[in-house]
Amino acid sequence: MAVSALYAGTFDPFTNGHLDIAKRALKVFSPLTILVALPPQKTPFLDAKTRVGIISEIFAKEKNVRVIGWDRLVVDFARENDIKVIVRGLRPTGDFDSEFQMATMNRNLDSDIETVFITTSSHSYYVSSSLVREVFLHGGDVQSFVPQVVYKEMKRHYESKLAFPRTINNDQK
């Protein structure tokens, strides 16, 4: 019997760590819905349509993956789509407390939905979307941390932001 699951996150941007978790989740669950969360409290680096498009392109050949943007509770999406498993990636960098809290809240909102944690691979445990964004906006090379299609889209959308002055001093007017 196939067990469907959803892998939710802001994926802003979608990193190789996210890709690793999704691919490993596909070994256990099918179909897998990748839910691009649109939290109201965050200002996204890449807009939702772009993130959904990029991730859809990455998984274009995977017939058992669908990618959807969502601006409500993840547990509501799972319930409305009869998905009983939420997949979460877990890094050894302090994720456990917040992930455990989120899983417990989701379980309280719907006790039929389980959260399954997949630990990150050793080559990507220190990578986060926020760190990738910060390095990128400071002109650093992030190509080894994101799929190539993500890197190209980041460059395309934000090339002008890379042109800001690297130093500021009192002589500049």
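Check the entry above for the structure.
The sections below set out a description of the structure shown in this document. (Residues numbered from 1 in each chain as written. Predicted model: local features only at pLDDT ≥ 70, side-chain atom pairs only at ≥ 80, totals over all residues. Heavy atoms only, no water.)

Structural notes on the overall build of the protein
If you tally the helices and strands in the protein, you get six helices and five strands. The N-to-C order of helical and strand elements in the protein reads β-α-β-α-β-α-β-α-β-α-α. At 17 Å, the protein has a C-alpha radius of gyration in line with the 16 Å of a compact globule built from 173 residues. In terms of overall dimensions, the protein has a C-alpha envelope of 65 × 35 × 30 Å along the principal axes. Residues classed as buried in the protein amount to 42% of the 173 residues present. Considering only intrachain contacts with a sequence separation of at least 6, the fraction spanning at least 24 residues in the protein is 75%. Summing over all exposed atoms, the protein offers an accessible surface of approximately 10,200 Å²; the carbon and sulfur share of this is 53%. (Helix = DSSP H or I, 4+ residues; strand = E, 2+ residues; numbered from the N terminus. Rg over C-alpha atoms; globule rule 2.2 N^0.38 Å. Buried < 20%, exposed > 50% of the residue type's maximum accessible area, 1.4 Å probe, protein only. Contact = heavy atoms within 4.5 Å. Areas by Shrake-Rupley, 256 points an atom, 1.4 Å probe, with all protein chains shown as cover.)

Quick look at the environment of Glu153
Mapped onto the elements of the fold, Glu153 is located in helix α6 (residues 148–158). The contacts of Glu153, once residues within four sequence positions are left out, are Thr50 and Ile54. Reaching out from Glu153, the side chain makes a polar contact with the side chain of Arg156 at a distance of 2.9 Å. (Polar contact = N/O pair within 3.5 Å; in protein donor to acceptor, adjacent residues only side chain to side chain.)

Any functional reading would require information beyond the geometric quantities listed.
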